[in-house]
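Coordinate inspection notes
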Amino acid sequence: MEGGVNVADKAEFKECLRLTWTQPYILRLVLSAGIGGLLFGYDTGVISGALLYIRDDFTAVEKSTVLRETIVSMAVAGAIVGAAFGGWMNDRFGRRPSIIIADALFFGGAVIMAFSPTPTVIIIGRVFVGLGVGMASMTAPLYISEASPARIRGALVSTNGLLITGGQFLAYLINLAFTKVPGTWRWMLGIAGVPALVQFVLMLMLPESPRWLYRKGRIEEAASILRKIYPASEVEQEIDAMRQSIEEEVRLEGSIGEQGLIGKLRKALGSQVVRRGLMAGVIVQVAQQFVGINTVMYYSPTIVQLAGFASNNTAMALSLITSGLNAIGSIVSMFFVDRAGRRRLMLISLVGIVVWLAVLGGTFLGAAHHAPAVSDMENQLFANRTQTCPEFNPNVHWSCMNCLKAASTCGFCAHQGELLPGACLALNDMSRRTCHADHMEFYTEGCPNNFGWLALIGLGAYIVSYSPGMGTVPWIVNSEIYPLRFRGICGGIAAVANWVSNLIVTQTFLSLTKALGTSATFFLFCGVSALALVIVFFTVPETKGLQFEEVERMLERKDYKPWKRYQGVGDLEPARKREIGLTEP
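Summarised in this report is the structure supplied together with it. Note that the structure is a prediction, hence the values are computed from the model and not measured. (Residues numbered from 1 in each chain as written. Predicted model: local features only at pLDDT ≥ 70, side-chain atom pairs only at ≥ 80, totals over all residues. Heavy atoms only, no water.)

When helices and strands are counted, the protein chain shows 26 helices and 3 strands. Among the 585 residues that make up the protein chain, the fraction classed as buried is 55%. Summarising the internal contacts of the protein chain: among those between residues at least 6 apart in sequence, 79% fall at separations of at least 24. With an accessible surface of roughly 24200 Å², the protein chain has 65% of that area assigned to carbon and sulfur atoms. (Helix = DSSP H or I, 4+ residues; strand = E, 2+ residues; numbered from the N terminus. Buried < 20%, exposed > 50% of the residue type's maximum accessible area, 1.4 Å probe, protein only. Contact = heavy atoms within 4.5 Å. Areas by Shrake-Rupley, 256 points an atom, 1.4 Å probe, with all protein chains shown as cover.)

For helix H24 (residues 518-539), with 22 residues, the first-to-last C-alpha span of 31 Å sits near the 32 Å given by 1.5 Å per residue. Those residues of H24 that sit buried are Thr518, Ser519, Thr521, Phe522, Phe525, Cys526, Ser529, Ala532, Val536 and Thr539. (Expected span 1.5 Å × (residues − 1).)

Time to look at the pairing of strand E1 (residues 410-415). Within E1, 5 of the 6 residues are buried, which leaves it mostly tucked inside the rest of the structure. Pairing analysis gives 4 bridges linking E1 to strand E3 (residues 440-443), with the strands arranged antiparallel. Residue pairing across strands places Ala414 opposite Glu441, the latter belonging to E3. (Pairing = 2+ DSSP bridges.)

With that settled, consider the pattern of salt bridges. Overall, the coordinates contain 9 salt bridges when judged by the stated rule. We note a salt bridge from Asp56 to Arg432, for which the minimum N-O separation is 3.9 Å. Residue Asp56 is located in helix H2 (residues 24-57), and its partner Arg432 is located in helix H20 (residues 429-437); the two are separated by 376 residues in the primary sequence. Here Glu445 ties to Arg68 by a salt bridge, and the two come within 2.8 Å at their closest N and O atoms. On the criterion of sequence distance, the pair formed by Glu445 in the loop between E3 and helix H21 (452-466) and Arg68 in helix H4 (residues 65-93) is long-range, its members being 377 residues apart. A relative accessible area of 3% places Arg68 in the buried class. (Salt bridge = Lys/Arg side-chain N within 4 Å of Asp/Glu carboxyl O.)

So, about the packing of H4 against helix H5 (residues 95-114). The N-to-C vectors of H4 and H5 enclose an angle of 135°; their axes lie 7 Å apart at closest approach. Comparing the axis directions of H4 and H5 gives the class oblique. Contacts between H4 and H5 involve Met89, Asn90, Asp91 and Phe93 on the former and, on the latter, Arg95, Pro97, Ser98 and Ile101. (Axes fitted to C-alpha atoms, helices over the stretch in contact; angles between N-to-C directions. Parallel < 35°, antiparallel > 145°, perpendicular 65-115°, else oblique.)

Now for the packing of aromatic side chains. Counting across every chain of the model gives 13 aromatic pairs. For the pair Phe509 and Phe522, a centre-to-centre distance of 6.2 Å together with 75° between the ring planes defines the contact as edge-to-face. Of this pair, Phe509 sits in helix H23 (residues 487-515) while Phe522 sits in helix H24; the two residues are 13 residues apart in sequence, bridging distant segments of the chain. Within the aromatic cluster, the residues linked to one another by ring pairs are Tyr299, Phe364, Phe509, Phe522 and Phe525. The ring of Phe537 is capped by Arg343, whose NZ or CZ atom sits 4.7 Å from the centre of that ring. (Phe/Tyr/Trp six-rings, centres within 6.5 Å; stacked < 30°, edge-to-face > 60°. Lys NZ or Arg CZ within 6 Å of the ring centre and 35° of its normal.)

This is the structure:
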């Protein structure tokens, strides 16, 4: 019986390189489907930079944090719906049509956003893109898995994860490339339509998943595809293995009894094994989002500006580092997840996250306390050319932080490279232009300070701590911890929990920074991460090296303790397995 998720190792990657060179048809299948992962990463990452320029073009977006959050988070909301419909479409119509429909949504969303006349239309485009992201997030790896030779399946599926982080990194590069081009954000968002169109054309020329065809009784079609993937001597063996696997799958589905969603859910929750597994699976998915990762991935340039770097170009360039570190972390995870273990890697990751979020909170707190003062004399220099912030009172001491928190939305005009008193001006294009014309810098998110580089180091260290552990392991745990017969419904519940948590964090981050302050917001995420560390320790077991049957036996034990090690029980002698309760006497 299959034992856990198929995680690629060095030997598998070597075999993968050899086979894709000798059988290019495999590479064509994988890369064509993998464009979905690239689009997933690009469309979730590109908004972080585009938002800076959307803000400059639309005053309503500049003045409303809620509107900015909505532009970012509507893709996440669309992804929740897309993932739900994607599961149904995968089973009903097949993997290939689902990818083609996702491409149409990606392309449509990109075109809508590129020609958006108002923020509302941008939001509509983001919803379309989100629907595509939700469908691609589950369909692309499924297609790759079912169309790959078994011995290199882990390596090929892993490429989809790499393409997601690679797509995010590409988004930052393209954002940086278009900062000087007229139309800036329109190009950034619209260019995603190109790979979507390419994949649409490629998928029209590729076959359906052989496993889906076999499940639908189209056996000869499935066999003809397998002949292109496997050497002739292995085709019959693979067809027989697929037949046995599908028969077992049908048998397990039949053992559930009731076929409706509510009936399956009732049956699942009636099992102590499923309840324990589902609790662990949902907790790690929620924790993955509530440690605040998507505040960094979606708002990275904004966070850089909060750290005291006012220029859009500088913020874009510096935030590129975080995306690169995230991609590197995904690669590191492949080499350590089977050595360190899932549970240990998550706990180590959470410790690092707590430490570096505390450093970020402290850094922003120091920056706020040392913010330059607002000078009445500086304000008077601009009085004839622009409008002073309405709330400013020369008889009350104000710092840059007071200026940026003003109810009418104001900006701080500061001397470049020096922490000297500056002017607090009403936030509008005239103020920005006038400030820049005097060779000064206009700050709208954070204040000039000497702590900015420490914030960047903390941000990078946070990503390094997050990516190899909490970034990838929760998905692996969810692929291993449920009984086979309930894996679909339980995995779906955990995935929805992940997307909903993502939506909550994305929709509230900027509002939290306005209401609580940047330092308090990061301290809040630090506290939540510390709580997650404790909860994960007491609720999530180690699944490394366990076959699915052994995980089930572990979860049903009367003396079950999530923190107790069951590592390597698959290799124990039968007598020892009986002793620890993993087999019947």
